[in-house]
Amino acid sequence: MSNENLQSVLGESRVFPPSAEFVAKARVNAEKLAEMKAAAAADYVGFWADLARKELSWATPFQTALDDSKAPNYQWFPDGTLNASYNCLDRHIATRGDKIAIRYEGEKGDVKTWTFRQLLADVSKLANGLKSLGIGKGDRVVIYLPHSPEAVIAMQACARIGATHSVVFGGFSAGSLKDRIDDTGARIIITADGGNRGGHIVDLKKACDEALTLGCKSIEKVVVGIRTGHSINMTPGRDILWSDLIAGVSDTCEPEFVGAEHPLFLLYTSGSTGKPKGIQHSTGGYLLGAMVSAQWIFDLREDDLFWCTADVGWVTGHSYVCYGPLAGGTTVMIYEGVPTVPDAGRFWKICQDHGVTIFYTAPTAIRALMKSGETFPNSYDLSKLRLLGSVGEPINPEAWMWFHRVIGKEKLPIVDTWWQTETGSTMMSPIPGAMPTKPGSCTQPLPGIFADVVDEAGVPVEGKTAGGYLVITKPWPSMLRTIWGDNERYIKTYFGQFPPTTGPDGREQWLYVAGDSTHRDEDGYYWILGRVDDVLNVSGHRLGTMEVESALVSHPRVAEAAVVGRPHEIKGEAICAFVICKGTRPEGKEAEALIKELRDHVGREIGAIAKPDDIRLADGLPKTRSGKIMRRLLRSIAKGEEITQDISTLENPAIVAQLAAKA
Ligand code: WTA
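Residues numbered from 1 in each chain as written. Predicted model: local features only at pLDDT ≥ 70, side-chain atom pairs only at ≥ 80, totals over all residues. Heavy atoms only, no water.

Undergrad: Got a minute to help me understand the site of the ligand in this structure?
TA: Near the ligand, the surroundings consist of 17 residues, among which D416, T417, T421, D516 and R531 are the closest. T421 has a polar side-chain atom sitting 2.6 Å from an oxygen atom of the ligand. Within the contact set of the ligand, an oxygen atom lies 2.8 Å away from a side-chain nitrogen or oxygen of R542. When the free accessible area of the ligand is taken as 530 Å², the share hidden by the protein chains comes to 96%. (Near = heavy atom within 4 Å. Polar contact = N/O pair within 3.5 Å; in protein donor to acceptor, adjacent residues only side chain to side chain. Areas by Shrake-Rupley, 256 points an atom, 1.4 Å probe, with all protein chains shown as cover.)

This is the structure in structure tokens:
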């Protein structure tokens, strides 16, 4: 538990009620929210079942809302059938066929739009193309594309034919791509020549080719879209251009209706071991969570232009770019590149040029833009904005206040949304027209979601200064279903910390452990303090310390490595690695060269986001007599703190001085 974070949230007492103007037009106001919460408290299964009937279009209506006979492997709406792409596209055609579904701007400024009708046609064409390659229900398709409408088209095309997609973030390296392909057993990968990011070309096809030389025996075909137009290698018989695949195919494709529990997608995320987990999401429950949460939190209206800046490679891009808003018939904005090209005004220029009404981004982006000053945002017309959002990591009150004052002109509500890859959709967030916000708090669980704070023994903690583990006490529709290929790990990781208890109805109750620590204040508002496991949150991206350690240790010069996080002004957390070399420890220029080589090596093994900020070469690591690395001590050293902890139980106390001296 981080006492420092706890102290800082305890000091925050500002409260911001929504404006009367916002409340008057809000989709959910305070009375409506109270009604929804009361309905969910009385019968949460019935609450979700009613929403599922009302909000989703089913091919076969479900009879069973929740099957918990195999808890904690819950099944929602298991006997119903539906199609996610039908729900995001077809059902809007009659009323919104010519409405813009996607507005797109490339990093170089090229703009393109798709109406719902055009999007449906493009999705259907690719779906037919995939079918012609023999892909259908039960197959996995890996998607490795730039953040683009094509990525959404690829995801929707898979959903349309019942294939399970697994999107790999374009910033991951060939090695990470290979590991994910091998774990999914995908037969097809959909990629592009490259993407534009930060003024450079991200050479996706090259990384893909490299991944395929490293393994990926299951891959039969590589579908290649053209984005950058730079020269690429095409392997005859294996690689096929997207444009060739869809040449002459029909632009209609009957959706494949699947059971609500059918896996819509797998998305890999970091945990406390070296191997990322394939989080498996369902079709019906997932789509319901993504859709209704988007409507409640973002107060979506017919004329909104909703911009979630997250890449489709992360869960936020799945739920709030590809699925949730489209299922509700909302227009989404997609921007390919980084916020600082050509300058730090890019996001605000996009808001102005396209008329963005709702802007949802990560605290790391807010902190970076905040550093570039107020001139940039003040140079653009941001008057269309009516709501702001934040996701991915705790937002510090200073960044929250800047967002509120400079972008929101002290008028717009901010929704700080807490959730995870595993939860599928937002679990805690303000409902903007229904409650006051506090800078740094994600406020309260959404209707139908039940959270608590418990101690080491699983006992709920009460009181203003009490912190503890954040747990979710009841199953919810968009929860992960399992870890792909490792159900035991699913149960152990998320439900293994506390044994199940028997509820008043005689049913087993399992606590879902989120891996975050939290504090709950006297108004029942939650303040997320950070991860309690060995997971780092670098610029809103989850990375396991073990993953970075394994990457380091795979270098021939490295004998042992320990990785910890330290606070970072913009990224939230920075990666700090302590490395023990094989042979003599290099010094001076030689050490500098090795450090650079190690950073690049981690970049190649995992991706640029995992490159350590600091690498310190040492002769040993602080270990207990039983051989356990004392990470807490390393964290203090990384922060440059004075070491006051008792180090007498260390096997090699002298090493602490050596590590600290290097700070
Ligand atoms: C953190 C991203 C505080 C948290 C949607 C969680 C947050 C992890 C918030 C999940 C928030 C996400 N306030 N912390 N609003 N949102 N987190 O799987 O530690 O990439 O467990 O999902 O990010 O990261 P993931």
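Undergrad: So what exactly am I meant to see when it comes to the sheet that holds strand 26 (residues 512-520) here?
TA: Remark on secondary structure: sheet strands pair via backbone hydrogen bonds, oriented parallel or antiparallel. Overall, antiparallel pairing links the 4 strands, which are arranged 21-22-26-27 in an open sheet. Edge positions in the sheet fall to strand 21 (451-454) and strand 27 (526-531), since each has one partner strand and no second. Each neighbouring strand pair of the sheet contributes to a mean axis angle of 45 degrees, computed without reference to strand direction. Here strand 26 runs beside strand 27; their pairing, made up of 5 bridges, is antiparallel. The residue bridging R520 from the neighbouring strand is Y526, located in strand 27. (Pairing = 2+ DSSP bridges. Helix = DSSP H or I, 4+ residues; strand = E, 2+ residues; numbered from the N terminus. Axes fitted to C-alpha atoms, helices over the stretch in contact; angles between N-to-C directions.)

Undergrad: What exactly am I supposed to notice about the nonpolar core here?
TA: Burial of nonpolar side chains together is a common tendency in soluble globular proteins. Membership of the largest hydrophobic core comes to 124 residues, with the highest contact counts inside it found for W48, I190, W296, F298 and Y323. Take this core: its biggest share by element is 10 residues, from helix 11 (residues 284-298). Not counting the four nearest positions on each side in its chain, W296 is found in contact with V28, M36, F47, W48, L51, I431, P432, L446 and P447. Grouped together as the second largest cluster of nonpolar side chains are 41 residues, V548, A561, L598 and I615 included. (Core = buried A, V, L, I, M, F, W, Y, C linked by side-chain atoms within 4.5 Å. Buried < 20%, exposed > 50% of the residue type's maximum accessible area, 1.4 Å probe, protein only. Contact = heavy atoms within 4.5 Å.)

Undergrad: Explain the sheet that holds strand 18 (residues 358-361) here, please?
TA: Strand order across the open sheet formed by 7 strands is 5-4-17-16-18-19-20, with mixed pairing between neighbours. Where the open sheet ends on each side, the last strands, each with one partner, are strand 5 (111-115) and strand 20 (414-417). Recorded for the sheet is a direction-independent mean angle of 20 degrees between the axes of neighbouring strands. Pairing between strand 16 (residues 305-308) and strand 17 (residues 331-335): 3 bridges, direction parallel. Bridge pairing in strand 17 places L305 opposite T331. Contacts between helix 11 and the sheet are confined to strand 16, strand 18, strand 19 (387-391) and strand 20, with strand 20 contributing the most and set at about 145 degrees to the helix.

Undergrad: Sorry, what's going on with the pairing of strand 18 here?
TA: Residues I358 and Y360 point to one face of strand 18 and F359 and T361 to the other, with burial holding for every one of them. When strand 18 meets strand 19, the two strands line up parallel, connected through 4 bridges. When the bridges of strand 19 are listed, I358 appears paired with L387.

Undergrad: Whenever I open this one, the pattern of salt bridges confuses me. Can you help?
TA: Any two side chains of opposite charge can pair, on the condition that their charged atoms come close. One pass over the full model with this rule turns up 45 salt bridges. The salt bridge partner of R53 is D50, with a shortest N-O separation of 3.5 Å. Residue R53 and its partner D50 are located together in helix 4 (residues 44-55), separated by 3 residues, close to a single helical turn. Assessed through its relative accessible area of 47%, R53 is described here as partly exposed. Of the charged contacts in the structure, one is a salt bridge between D613 and K571, with a shortest N-O distance of 2.6 Å. Of this pair, D613 sits in the loop between helix 19 (588-605) and strand 32 (614-618) while K571 is found in the loop between strand 30 (558-568) and strand 31 (572-581), placing the two residues 42 residues apart along the sequence. Because the salt bridges share partners, they merge into one network encompassing K205, D209, R238 and D239. (Salt bridge = Lys/Arg side-chain N within 4 Å of Asp/Glu carboxyl O.)

Undergrad: Sorry if this is basic, but what is going on with the packing of aromatic side chains here?
TA: The geometry of an aromatic ring pair is captured by the separation of the ring centres together with the interplanar angle, meaning the angle of the planes. Counting across every chain of the model gives 37 aromatic pairs. Between F62 and F77, the ring centres sit 4.7 Å apart and the planes meet at 45 degrees, which makes this aromatic pair tilted. With F62 in the loop between helix 4 and strand 1 (66-67) and F77 in the loop between strand 2 (75-76) and strand 3 (81-82), the pair connects residues that are 15 residues apart, well separated along the chain. Residue classification places F62 among the buried residues on the basis of a relative accessible area of 4%. Measuring from centroid to centroid gives 5.8 Å for F495 and Y512, while their planes differ by 65 degrees, and the two rings are edge-to-face. One end of the pair, F495, is in helix 17 (residues 487-495); the other, Y512, is in strand 26, and 17 residues separate them in sequence. Per residue, the accessibility class of F495 equals that of Y512, and both read buried. Taken together, the ring pairs in this structure connect Y44, W58, F62, W76, F77 and F450 into an aromatic cluster. (Phe/Tyr/Trp six-rings, centres within 6.5 Å; stacked < 30°, edge-to-face > 60°.)

Undergrad: Whenever I open this one, unusual backbone geometry confuses me. Can you help?
TA: Note: most residues except glycine have negative phi, and most peptide bonds are trans. Residue A71 is joined to P72 through a cis peptide bond whose omega torsion reads 5 degrees. With respect to the helices and strands, the residue P72 is situated in the loop between strand 1 and strand 2. Cis peptide bonds are those with omega within 30 degrees of zero, and the linkage from V341 to P342 qualifies with 0 degrees. Relative to the elements of secondary structure, P342 occurs in the loop between strand 17 and helix 13 (346-354). Located in the positive-phi region is D299, a residue other than glycine, with phi close to 55 degrees. With respect to the helices and strands, D299 occurs in the loop between helix 11 and strand 16. Assessed through its relative accessible area of 2%, D299 is described here as buried.

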